[in-house]
Amino acid sequence: MPSTVSSLFRLARAGLVMAQHGVRFVPKGVKVPAALKVARVLTWPIGALSAPFRRRGDRATRVARALTQLGPSYIKLGQFMATRADVIGQDLAADLAELRDALPPFSMKEARAAVEESLGGKLEDHFVTFSEPVAAASIAQVHKATVHDADGDVQTVAVKILRPGVERRFRNDLASYDLAAGIIERFHKPSRRLRPRAVVDNLRQTTELEMDLRLEAAAISEMADNINGDRDKPDGNFRVPTVDWRRTAKRVLTLEWIDGIKMSDATALAAAGHDLEQLGQTVLRSFLRHAMRDGFFHADMHQGNLFVEPDGAIVAVDFGIVGRLNLNERRFLAEILHGLITRDYRRAAQIHFDAGYVPSHHDVEVFAQAMRAIGEPIHGRTASEISMADLLAQLFAYTEVFDMETRTELILLQKSMVVAEGVARELDPNLNMWTAAEPIAREWIAENYGVAGQIKTVGANAEVIGRVLADAPRVLEQAERATLAFADMARDGVRLDEATIARMAGDQSRGAKWQSAAIWVAAGALIVIAITLLTS
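Okay, so let's go over this structure. (Residues numbered from 1 in each chain as written. Predicted model: local features only at pLDDT ≥ 70, side-chain atom pairs only at ≥ 80, totals over all residues. Heavy atoms only, no water.)

### As for the overall build of the chain
So, step 1. Summing up its helical and strand segments, the chain has 20 helices and 10 strands in all.
So, step 2. Looking at the chain as a whole, 43% of its 536 residues are labelled buried.
So, step 3. Taken as a whole, the chain presents about 27,900 Å² of accessible surface, with 56% of it coming from carbon and sulfur. (Helix = DSSP H or I, 4+ residues; strand = E, 2+ residues; numbered from the N terminus. Buried < 20%, exposed > 50% of the residue type's maximum accessible area, 1.4 Å probe, protein only. Areas by Shrake-Rupley, 256 points an atom, 1.4 Å probe, with all protein chains shown as cover.)

### Some points on the nonpolar core
So, step 1. Judged by nonpolar contacts, the single largest core of 55 residues is most densely connected at M263 and L306.
So, step 2. With eight residues, helix α12 (residues 276-294) is the single largest residue contributor to this core.
So, step 3. Apart from residues no more than four positions distant in its own chain, L306 is found in contact with F238, I261, K262, M263, V283, M301, I314, V315, A316 and V423.
So, step 4. Judged by nonpolar contacts, the second largest core, of 21 residues, contains V17, A66, L103 and Y177. (Core = buried A, V, L, I, M, F, W, Y, C linked by side-chain atoms within 4.5 Å. Contact = heavy atoms within 4.5 Å.)

### Some details on the sheet that holds strand β2 (residues 140-148)
So, step 1. The sheet built from four strands is open, its strands ordered β1-β2-β3-β5 with antiparallel pairing. Unpaired on one side and paired on the other, β1 (129-136) and β5 (252-256) mark the two borders of the sheet. In this sheet, neighbouring strand axes are inclined to one another by 30° on average, regardless of whether the strands run parallel or antiparallel.
So, step 2. Two elements, β2 and strand β3 (residues 154-162), share nine bridges in a ladder whose sense is antiparallel. Across the sheet, residue Q141 finds its bridge partner in β3, namely I161. (Pairing = 2+ DSSP bridges. Axes fitted to C-alpha atoms, helices over the stretch in contact; angles between N-to-C directions.)

### Brief notes about the packing of helix α3 (residues 59-70) against helix α4 (residues 72-81)
So, step 1. Where α3 meets α4, the closest approach of the two axes is 5 Å, and the angle between their N-to-C directions is 140°. Classified by the angle between their axes, α3 and α4 sit oblique to one another. Where α3 approaches α4, its residues L67, T68 and L70 are matched on the opposing element by Y74, I75 and G78.
So, step 2. When grouped by side-chain class, the residues that make up the contact of α3 with α4 number four nonpolar, two polar and no charged. (Parallel < 35°, antiparallel > 145°, perpendicular 65-115°, else oblique. Nonpolar A, V, L, I, M, F, W, Y, C, P; charged D, E, K, R; others polar.)

### Some words on the sheet that holds strand β4 (residues 238-239)
Hydrogen bonds between backbone groups are what pair the strands of a sheet, and the pairing can be parallel or antiparallel.
So, step 1. Read across the sheet, four strands follow the order β4-β9-β8-β6 without closing on themselves; strand pairing throughout is mixed. The two strands at the open ends of the sheet, each matched to only one other strand, are β4 and β6 (261-262).
So, step 2. In this sheet, strand β9 (residues 314-316) lies alongside β4 in parallel orientation, the contact comprising two bridges. Bridge pairing in β9 places F238 opposite I314.
So, step 3. Lying on the sheet, α12 is in contact with β4, β8 (306-308) and β9; it crosses β9 at an angle near 45°.

### Thoughts on the pairing of β2
So, step 1. Examined bridge by bridge, β1 and β2 share five bridges and lie antiparallel to one another. Among the inter-strand pairings, A136 is bridged to a residue of β2, identified as Q141.
So, step 2. Where β1 folds back onto β2 in an antiparallel hairpin, the turn is made up of three residues.
So, step 3. Remark: five residues form the turn of the hairpin made by β2 and β3, two consecutive strands paired antiparallel; G152 in that turn has positive phi of roughly 90°.

### Looking at unusual backbone geometry
So, step 1. The phi dihedral of D318 is positive, around 60°, even though this residue is not glycine.
So, step 2. Counting through the fold element by element, D318 comes out in the loop between β9 and β10 (322-324).

### Here we look at the packing of helix α8 (residues 166-187) against helix α9 (residues 196-210)
So, step 1. For the pair α8 and α9, interaxial distance at closest approach is 8 Å and the crossing angle is 165°. Regarding the angle of α8 to α9, the classification is roughly antiparallel. As for the relative orientation of α8 and α9, their crossing is left-handed in sense. Contacts between α8 and α9 involve F170, L174, Y177, D178, A181, G182, I184 and E185 on the former and, on the latter, P196, R197, V200, D201, L203, R204 and T207.
So, step 2. Taken together, the residues that form the contact of α8 with α9 break down as eight nonpolar, two polar and five charged. (Left-handed = near helix turned anticlockwise from the far one by under 90°.)

### So, helix α7 (residues 108-119)
Each full turn of the α-helix corresponds to 3.6 residues, which orients residues three or four apart in the same direction.
So, step 1. In this model α7 runs 16 Å from its N-terminal to its C-terminal C-alpha over 12 residues, within 8% of the 16 Å that 1.5 Å per residue would give.
So, step 2. Along α7, the residues that are buried comprise A111, A114, V115, E116 and L119.
So, step 3. On its buried face, α7 is in contact with β1, β2, β3 and β5.
So, step 4. Immediately beyond the C-terminal end of α7, within one or two residues, lies G120, with a positive phi of roughly 85°. (Expected span 1.5 Å × (residues − 1).)

### Considerations on α4
So, step 1. By the criterion of burial, α4 is predominantly enclosed, with eight of the 10 residues buried.
So, step 2. Listing the buried residues of α4 in full gives P72, S73, Y74, I75, K76, G78, F80 and M81.

### Some remarks on the environment of V322
So, step 1. Along the chain, the position of V322 falls in strand β10.
So, step 2. Spatially, the C-alpha atoms of V322 and A299 are 4.7 Å apart, while their sequence positions differ by 23 residues.

### Points about the pattern of salt bridges
So, step 1. For the structure shown, the criterion picks out 21 salt bridges.
So, step 2. With a closest N to O distance of 2.8 Å, R239 and E309 form a salt bridge. Here R239, found in strand β4, pairs with E309, found in the loop between β8 and β9; they are 70 residues apart in sequence, far enough to count as distant. Taken individually, R239 and E309 each receive the classification buried, so the pair is uniform in this respect. (Salt bridge = Lys/Arg side-chain N within 4 Å of Asp/Glu carboxyl O.)

### Side note on the packing of aromatic side chains
So, step 1. On inspection of all chains with the given rule, the structure shows five aromatic pairs.
So, step 2. Judged by centre distance (5.5 Å) and plane angle (55°), the ring pair of F127 and F130 falls under tilted. One exposure class covers both F127 and F130, and it is buried.
So, step 3. The interplanar angle of 80° and the centroid separation of 6.0 Å between the aromatic rings of F353 and F367 together place this pair among those described as edge-to-face. Taken together, the residues F353 in helix α14 (residues 345-354) and F367 in helix α15 (residues 364-379) connect sequence positions 14 residues apart. F367 shares its class with F353; the two are buried.
So, step 4. Each residue in the set F353, F367 and F402 is aromatic and connected to the rest through ring pairs, giving one cluster. (Phe/Tyr/Trp six-rings, centres within 6.5 Å; stacked < 30°, edge-to-face > 60°.)

Here's what the structure looks like:
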């Protein structure tokens, strides 16, 4: 585990690189914490001296250069923070949304070593041919290869391989993010509502899943099962690649190679005779159906991860990031969408309170008024003017007014919905988000609140009751032991021996000393690095 001192040095270096590129991460209108003011003063000479030599470009370009210079984990952090407009502001979130995860590839020698270590034997034992990298990102790169299938025929596959040492790099940098988040929560009270440490934990969970390619394979397999019956639907022409499990391990993933047109190339799609409006609607409705019906969705559905095959089928790749919603969250999503679409703002507001998203000391009617302020402009504008990004920006603005804490389980959903809308709008600028979403929300509500839904609920409740009855003897035994233990505590009190008390006091004292020392080390490191850069 990285030490506090090494984490502080990492943060100091990151601050200086940001200063060199003239990047500031505090949104406009937000009071700058005292600690950041001190950091700005210390790094001001770096920014001033580097300004004449800085490569030209807008802020989004400078942010991208800074994060790329800092390395893979900072690129991933930037992409993740693009989903958190409530934390960093709309302008910076928009800049980060343009960040492209592209890095130089690692060598063929390292790729061969990774395959042979993961799958055993020689690379030629598993692949007939194996190309140079065709794409490289912060966590992994992709090669095109061929294999013999069960019938002896040659099939083309995509082989994804993790970067060497990427796990250690991410672990070290995440430790520094966690330290920074802890400092922010402790010394900047307004930020506590945004739960910075929870944001870092969410990023840690996401990257840990991304760095086990078996989990990505499992996500693709699960999605395939979920959408198996959708091809008969008018907007169900959506699929995922087939996994080659024989050639898949923790650091190597082998999939069916997809021959199609990237959805980012609208001109080529139109030239090939595809209906762009239908493609846009299929992307949006597929995403909403996966989120609401299945509670499992692709959380990185940008144009680069979507291909269109000759028959018009949309194929999604790169399942490193997926999102999950439980039944209550899906109900919340469907009700909110339906409430805004049908202009039933009182119902939409009540769902926020029922889900615990708005504290009970607020008034439902007042919150409904806020929902109306968000929803009514949607109904008074043309389809091309309605933006999910704008809607979410308004929702974020109300989170502070109504003391709403960040719900980490909805972060990926919010980001993914904006991305899916953006993809659909690129294909059809006049796409009406609400018209496209309404059948999916109505279908989900009918299935879950109608007769079939009630039967499903009764069945689920019966299963729960059965588990409770089966566990009753064990629960009663535990309850009896707990009651006796509490009775002993009530009679004799809770006692700690002198050695335990002394050890606790010593640990607390050492912790305080280390914290004080770490702050001085951080300040010293910043000054030393600044002087070094100024004199180099």
